[in-house]
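# Coordinates in review
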Amino acid sequence: MTQKQIHFHQTTSLTPEQYIAGLTDFGPGRSKIFGNSADEYLKVHHLGLTDADVTEGSGGIWERLHYDWSDPSHVVLTTTDSNLWGGASGHVYNFTRNADGTTNIDVDVVREGKSVKGKLLGLVLRSIGRSVLEKAFQNSVKTVEARYAAVSQPATSLAS
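Below you will find a few notes about this structure. Everything numeric here is computed off the predicted structure, so don't read it as measured data.

## A look at the packing of aromatic side chains
All chains considered together, the criterion is met by five aromatic pairs. Taken together, a centroid distance of 5.9 Å and an interplanar angle of 40° make the contact between Tyr19 and Tyr93 tilted. Of this pair, Tyr19 sits in helix α1 (residues 16-23) while Tyr93 sits in strand β6 (residues 90-97), placing them 74 residues apart in sequence. Comparing Tyr19 with Tyr93, the two get one shared label, buried. A network of ring pairs unites the aromatic residues Tyr19, Tyr93 and Phe95 as a single cluster.

Below, the structure is given as structure tokens:
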């Protein structure tokens, strides 16, 4: 199997804990944060304090992932089953706090196709599909930022 690794980087106003809270929010509406995680595919098999076993996907592609966020600077999602991905497939998020209060998020996505369709899709993701995955990652960061910005906004009074 040929392994395809794709790297993304984003600087955000979020703390690592805030992004991790969004990443590990397995409730309804998850697809608003992660477009590739449609609610109808979402199944939480186990949810612990710092780990989870979740099946998610969209568009006929699904994977079962073991989430480990026991280290708040290093979150690992390991693919344990999938209709397309096998081997070393998964996601690794590394968080670096900056002196100015921002956070660097570095993500490595590994895709190792276990079927002809998976191998072909892995090649597409490495080339033209990379921008689709990168946009999805950027959108997840923006959506979580908006969630926290809405919480921190003072309530406005309608009475004048």
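Here the narrative resumes.
## Remarks on the pattern of salt bridges
Tallied over the entire structure, the rule returns seven salt bridges. Note that Glu134 and Arg130 form a salt bridge whose closest N and O atoms lie 3.3 Å from each other. Remark: Arg130 and Glu134 occur in helix α4 (residues 130-152); sequence separation between them is four residues, near one turn of the helix.

## A word on the layout of surface pockets
The space that makes up the largest pocket amounts to roughly 660 Å³. Asn36, Glu63, His91, Arg111 and Leu133 are, among the 30 residues lining the largest pocket, the residues nearest its centre. Secondary-structure elements contributing two or more residues to the lining of the largest pocket are α1, α2 (30-33), β3 (51-58), β4 (61-71), β6, β7 (103-112), α3 (116-126) and α4. Ranked by residues supplied to the lining of the largest pocket, first place goes to β4 with five residues.

Conventions and cut-offs
Residues numbered from 1 in each chain as written. Predicted model: local features only at pLDDT ≥ 70, side-chain atom pairs only at ≥ 80, totals over all residues. Heavy atoms only, no water. Phe/Tyr/Trp six-rings, centres within 6.5 Å; stacked < 30°, edge-to-face > 60°. Helix = DSSP H or I, 4+ residues; strand = E, 2+ residues; numbered from the N terminus. Buried < 20%, exposed > 50% of the residue type's maximum accessible area, 1.4 Å probe, protein only. Salt bridge = Lys/Arg side-chain N within 4 Å of Asp/Glu carboxyl O. 1 Å grid on protein atoms, 1.4 Å probe; cavity = no way out; pocket = protein on both sides within 12 Å on 5 of 7 lines; lining within 4 Å. Points joined across faces, edges and corners; volume = space filled by probe spheres on them.

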